[in-house]
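Notes for the structure review
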Amino acid sequence: MASIDLEKMLAKIKNSQWALADIDWEAPGAELITEEQWPKLKAFMSDLMWIEHVGARGFAALAKVAPDDTLREIYTYFHAEEQRHANAEMALMRRWGMLEGDEIPEPNINLRLVIEWLDKYSDDMPLETLGSVIPMLEIALDGALCKFLLDTVKDPVCHQAFEKINDDESRHLGVGFTVLEMQGHGELYKLAIKAAGTLMRPTLILGILSYLPLLNKMRDNIVEMGLPEESLYKVMKKFETIGGRTAEGRRNPWYQIISRHGRVMIDRTNYFYHVPVDAMVKASSYIPKRMLPPIPTWVKELTWNPVA
Amino acid sequence: MKVVSMSKVKSLTKKSGAASRVKKVNSSGVGTAVADALIIGAGFAGLGSAIRLRQQGVHNVVILERGTEVGGTWRDNTYPGAACDIPSNLYSYSFAQNPDWSRSFSGSGEILAYIHGLVEQFDLLPLIRFQQNVSAIAFDENDGVWHVQTTQGETHVARSVIMASGPLSNASFPNMPGIEKYQGHKIHSAKWDHSYDFTGKKVAVIGTGASAIQIIPELVKQAESVKVFQRTAGWVLPRPDFVTPDWNKSLFRKMPAAQTAMRNALYWGHEAMALGIIWNTPLTNVVEQVAKAHLHGQVRDPWLRRQLTPHFRIGCKRVLISNDYYPALQQPNCKLITWPIATLCEKGIRCAEGIEHQFDCIVFATGFDVCKSGTPFPVTGLNGRELGEEWKRGSQAYKSASVSGYPNLFFTFGPNSGPGHNSALVYMESQIDYAVKGIRTILDDNLKVLDVRPEAQQRFNRQIQKRLAKTNWNSGCKSWYLTEDGFNATMFPGFATQFASQMKAFLSVDYRIVTA
Ligand SMILES: Cc1cc2nc3c(=O)[nH]c(=O)nc-3n(C[C@H](O)[C@H](O)[C@H](O)COP(=O)(O)OP(=O)(O)OC[C@H]3O[C@@H](n4cnc5c(N)ncnc54)[C@H](O)[C@@H]3O)c2cc1C
Ligand SMILES: [Fe+2]
Ligand SMILES: [Fe+2]
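Everything numeric here is computed off the predicted structure, so don't read it as measured data.

Our focus in this paragraph is the overall build of chain B. When you go through chain B residue by residue, the secondary structure sums to 14 helices and 25 strands. In summary, chain B has a C-alpha radius of gyration of 24 Å against a globular reference of 24 Å for 516 residues, a match within 12%. If you line up chain B on its principal axes, its C-alpha atoms span 70 × 55 × 45 Å. By the burial criterion, 57% of the 516 residues in chain B qualify as buried. Put simply, of all contacts in chain B between residues at least 6 apart along the chain, 73% involve residues at least 24 apart. For chain B, the accessible area works out to roughly 21000 Å², and carbon and sulfur atoms hold 53% of it. For chain B, the distance from the average site of its 55 positive side-chain charges to the average site of its 41 negative ones is 5 Å.

Another point: the site of ligand 1. All names here are of chain B. Near ligand 1 lie 35 residues; those nearest to it are Glu 65, Thr 73, Asp 85, Tyr 91 and Ala 424. Within the backbone of Phe 44, one N or O atom sits 3.1 Å away from an oxygen atom of ligand 1. The contact in question runs from a nitrogen atom of ligand 1 to an N or O atom on the backbone of Val 134, over 2.9 Å. Mapped onto the shell around ligand 1, the elements with two or more residues apiece are α2 (44-55), α3 (73-76) and α12 (424-444).

All names here are of chain B. With five of six residues buried, strand β24 (residues 447-452) lies mostly within the body of the structure. Both β24 and strand β25 (residues 511-515) contribute to a ladder of five bridges, which runs antiparallel. In the sheet register, Asp 451 faces β25, and the bridge partner there is Arg 512.

All names here are of chain A. Taken as a whole and assessed by the stated rule, the structure comprises 24 aromatic pairs over all chains. The interplanar angle of 65 degrees and the centroid separation of 5.2 Å between the aromatic rings of Phe 59 and Phe 78 together place this pair among those described as edge-to-face. Pair noted here: Phe 59 is in helix α2 (residues 37-65) and Phe 78 is in helix α3 (residues 69-95), with a separation of 19 residues, a long-range link. Judged by relative accessible area, which is 3%, Phe 59 ranks as buried.

In many reports, interface size means the accessible area that the parts give up when they come together. Residue and element names in this part refer to chain B. Parsing chain B into structural domains produces domain 1 (6-169 + 371-515) and domain 2 (185-235 + 279-364). Across the contact, 22 residues belong to domain 1 and 21 residues belong to domain 2. Approximately 1900 Å² of surface area, both sides summed, lies buried where domain 1 meets domain 2, with 53% of it carried by carbon and sulfur atoms. Counting the surface domain 1 buries against domain 2, the share from its top three residues, Tyr 79, Asp 85 and Asn 472, is 34%. The tally of links from domain 1 across to domain 2 stands at one salt bridge. Among the ionic pairs, Asp 85 bridges to Arg 318, the shortest N-O distance being 3.0 Å. Joining domain 1 to domain 2, the criterion identifies eight residue pairs in polar contact (both at pLDDT 80 or more). The residue inventory of the side of domain 1 that touches domain 2, partitioned by class, reads nine nonpolar, nine polar and four charged.

Moving on: the interface of chain A and chain B. At the junction of the two partners, chain A supplies 30 residues and chain B supplies 24 residues. Summed over both sides, the interface between chain A and chain B buries roughly 2200 Å², with carbon and sulfur atoms accounting for 54% of that surface. Sorting the residues of chain A by area buried against chain B places Lys64(A), Asp69(A) and Ala308(A) first, and these three jointly supply 24% of that buried surface. At the junction of chain A and chain B, the tally comes to three salt bridges. One can count eleven residue pairs in polar contact (both at pLDDT 80 or more) joining chain A with chain B. Those elements that place two or more of their residues in the side of chain A that touches chain B are α2 and α3 of chain A. With ten residues, the single largest contributor to the side of chain A that touches chain B is α3(A). Here the residues of the side of chain A that touches chain B sort into twelve nonpolar, eight polar and ten charged.

Turning to the nonpolar core, a few remarks are in order. By size, the foremost hydrophobic cluster in this structure holds 112 residues, and its most contacted members are Tyr75(A) and Ile349(B). It is α2(A) that contributes the most residues to this core, 13 residues altogether. Ile349(B) has contacts with Ala204(B), Ile206(B), Phe229(B), Ile341(B), Thr343(B), Leu344(B), Ile355(B), Glu356(B), His357(B), Phe359(B) and Ile362(B), leaving out every residue within four places of it along the chain. By size, the runner-up hydrophobic cluster in this structure holds 63 residues, among which are Leu90(B), Leu124(B), Leu127(B) and Ile162(B).

This paragraph deals with the sheet that holds strand β4 (residues 37-40) of chain B. All names here are of chain B. The strand order across the open sheet built from five strands is β7-β5-β4-β11-β23, with neighbouring strands paired in parallel fashion. The sheet is open, and its two borders are formed by β7 (128-129) and β23 (409-411), each paired with just one other strand. Summarising the sheet, β4 and strand β11 (residues 161-163) pair through three bridges and their orientation is parallel. Across the sheet, residue Ile 39 finds its bridge partner in β11, namely Ile 162. Set on the sheet, α12 makes contact with β4, β11 and β23; between it and β23 the angle comes to about 170 degrees.

All right, on to unusual backbone geometry then. Residues and elements named next belong to chain B. We note that Asn 383 has phi near 55 degrees; this positive angle belongs to a residue other than glycine. Mapped onto the secondary structure, Asn 383 falls in the loop between β22 (379-380) and α11 (387-390). Of note, the phi angle at Asn 446 is positive, near 50 degrees, even though the residue is not glycine. Judged by its relative accessible area of 33%, Asn 446 is partly exposed.

Procedures and definitions
Residues numbered from 1 in each chain as written. Chains lettered and ligands numbered in written order. Predicted model: local features only at pLDDT ≥ 70, side-chain atom pairs only at ≥ 80, totals over all residues. Heavy atoms only, no water. Helix = DSSP H or I, 4+ residues; strand = E, 2+ residues; numbered from the N terminus. Rg over C-alpha atoms; globule rule 2.2 N^0.38 Å. Buried < 20%, exposed > 50% of the residue type's maximum accessible area, 1.4 Å probe, protein only. Contact = heavy atoms within 4.5 Å. Areas by Shrake-Rupley, 256 points an atom, 1.4 Å probe, with all protein chains shown as cover. Lys, Arg positive; Asp, Glu negative; His and termini not counted. Charge placed at Lys NZ, Arg CZ, Asp CG, Glu CD. Near = heavy atom within 4 Å. Polar contact = N/O pair within 3.5 Å; in protein donor to acceptor, adjacent residues only side chain to side chain. Pairing = 2+ DSSP bridges. Phe/Tyr/Trp six-rings, centres within 6.5 Å; stacked < 30°, edge-to-face > 60°. Domains from an automatic or database assignment. Buried area = accessible area lost by both parts, 1.4 Å probe. Salt bridge = Lys/Arg side-chain N within 4 Å of Asp/Glu carboxyl O. Nonpolar A, V, L, I, M, F, W, Y, C, P; charged D, E, K, R; others polar. Core = buried A, V, L, I, M, F, W, Y, C linked by side-chain atoms within 4.5 Å. Axes fitted to C-alpha atoms, helices over the stretch in contact; angles between N-to-C directions.

Structure below.
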C-alpha cells in the first residue's frame, strides 16, 4: 500500500460522516435472531462494543502525540467514530432486547484491564508505539470481529449498520498503515534503540501484560460463538502482509515486534506462549471487582439513543 | 461617566497649513468639499484619530460610519458577560483616562459609555456621517485626493484617508455544513439578540474562544441546558477581577498622576508577559504552569481536564482569561462536547460520534471574518493598482501604516500591528499618532502624493518576517493570526514598547513625495 495523502484522507473522512439517526432501528428483522444465538450474541456484542473503546481510547491518545494538525484532526475523528461504532452496537443490542433502560453492557475483565491501562498510560506513549499497535488491534479485533458477526447474524439492520462501520474501519486501516510506514523512516539503529528504550518502560510492560490475555480471551470468545479460530489468525496475518509491504514498514521495529508476536499467538502448538497466557486469562477472571479503579467518566457519554 | 483630558495636549495644537479647498469632482456632478482627512469607522481607532488630528490642528475631518452609533466592537459585542480582558486602566486612552471604572475589567456597557464620553468631551458628533458604508476608495493622482464611495450612493473626497474599519468588525455565521438546514434560533455573539429569552431553553454554544468563555457562564445561569462545542482547547489564565473601591476612584479623580502610575504598572506587567507569550522562553513554561495549575485547581475530573488541556504552546493563539469558565462547564446543566461537528441539521447538531444533539437555540461564538489577505472593500491606488489583489497571498505594509502605491492612506491595525499580550489601545495610540504625522506632512508641505518607497517597505517586511519566524505564533499551530499558507500578516513580533518606538519616527526619506 503506497502511503496515502493525509490531507485528502481528512477531507474524505469529513465527507463520510453518518449518524445513528440514518438507520431505522425499528425496521423488521430483529426476529431473525434465534433463541439459541441470543445469549452468546449478547456476550459477544458487549465485548465488541468495548473493543471499539480500546480503539477509541487509543486514537484519543494518538491525537495527543500527533506530529501535525492534520493527523491530529484525523485521530480526533477516529476517536469519535469508534464511539459511534459503540453507540451503534448498543443500538443493535437494544433492538435485540439485550439492554434495559439506560444500562451499559459490562466489559469482560481483560477488556477492563486494557482500557484501564490505556486510560492511565497511553497519553504518554510515543507515536511510533501506539501508531503501530493500534493497526494491529484494529485488524485483529475491531475490523475482524465485525466481519465474523455478519456471517452469523441475518438481521438486515445489523448488516446495514456494519456496512457503515466497516467503511469507517477501512479508512482507519489506511491511515494506520500509512503511519506505520512513516515511523519506519530514519536510521534503523536509532529506531531500534528508541524502541528498546520504550519497551523497557514499566508502563508499557504493564500494557503488554494486559494486551496478551485479551487476545487469547477474544480467541476463546470467537470459538464460543461457533466460529473457526483460523479466521482470526487469517486477519492477524494480514497485519504482517500489509504492514510489511514496504521497506519503511518493515524497518519499523514495532512492526517487527508485533508481527512476530502475531505469529506466536496464532501457533497453538507453542505451549511456551499459550500455557502462561491462558493462565493469565484465567487468573484475571479472579480479580475482584472492587479492586478495579472507578470507570472513567467518558463512559457516561455512551448511548444507544440517536438523539440527545 | 466623566473623561478627564490632559490639558497639555491642547497646547500642542497647531494651525492647519493648507486650508480646505472646494472642488467639483463628484460623479453626480455635485460640488463636494474636500476634507483634509477622512476617517473610515467610528470605533476606538476612528474616534481617537479624530481627537488627535484636531489636537494637531487638522479640523477639516470627516468620519464615515456604517452604523447608527459610535463604538465599533463595543457597540456590536453586547452578549451577556462581554467585557475586556485587559484591565480597563490600560484598555482606555492615555489622553483620556477615566477614574470611574467600576471594576478592574469593565463590561462592554461601561466601555461603550466611555466611548460615548469621548465623543461628548471632544465634541466629535458633528464630524460623523452615520449610515455611510464605505464600498470602495480610489486615489486620483492628478488631484492628489481619495474618492470614497458609500453604498448609500455618496462620494466623499479627501486629501488623506485613515482606514479605521476595525480588525474584528465583520462577523457572519460560519460556513459549516448543513447550517442552512437548521430551523431553530441562531445567534451570533457579535450581533446578540437581546429579545430572545433563554429561560427553559436547550442551548448550544459553538466555539470556545474569548467571546464564548464570557458567554457560557452567563447562559448556564439562565438556560435549561448548555452544550459547549469545542474544537481546540485554549490556555486559560486566572483573571484578577475586582470591584474598584470608592476610595480608589476618588484617589484617581483627585490625583490623575496616581492613575497614570497604575496604568504604567499595568503596562509593564503586560510587557513582561510578552516574554512568555510571544517567544518560547523559560517564562513560557512558567506561564503554562500557571494555566495548568488553574485548570487543576478548578477541574477535578481527569477526563474533563484532559479535554481542556491545550496541545499547543501558550501564546500561539489568543490567551484566554477567566475565573468562571471552568466552573460553569461543570454545572449540572452544562456539558463540554469535543466530538467534531459532522453537520448541522434541522433540529440541531450531528457530531462524529453519531448522535444528533437537538437545541432550541445555537449560539455561534465563532469569531470574526479577519482580513489577512485582501481588503474589506476595493482599494485602488496609483495606476489602477488593486490592494486586494496585491494582498492575496497575505497583506503587508510599511510599519503597518502605509502601503507603497497607495499614497496618503494610513491604516490602524494594518498588517503586523496586532498585540498578543498588551492593550490594543496602546498600539492604537502609536498608529494614530503616526497617521497624524503623515497627514500633517501632507498639509504642511502641501503634498499631492506621499507614498512610501517600495524598497523601504520590502526592507521593513524582510525584517519583520525574520523576527516573526522566532515567535510562538509561527510555531506550528493553526490560528486566525495566520493565512492558510501559514503567513503571519497580523501580529507584531515584539514588545509594545518596540512597536511604539517603531511608530515614533516618521522618516520622510522613506517616502516619495509630489508637491501640489
Ligand atoms: C469581544 C471583543 C473583546 C475584545 N477585548 C479586547 C481587550 O480586552 N483588549 C484589547 O486590547 N482588545 C480587545 N479587543 C480588540 C478590539 O477589537 C480592539 O481593542 C478595538 O476595539 C478595535 O477598535 P477599532 O476602532 O479599530 O475597530 P472597531 O471597534 O471594530 O470599529 C470599527 C468601526 O468601523 C466601522 N466600519 C467598518 N467597516 C466600515 C465601512 N466599510 N464603512 C464604514 N464604517 C465601517 C464599524 O461599524 C465600526 O464602528 C476585543 C475585541 C472583541 C471583538
Ligand atoms: Fe470500530
Ligand atoms: Fe477502528
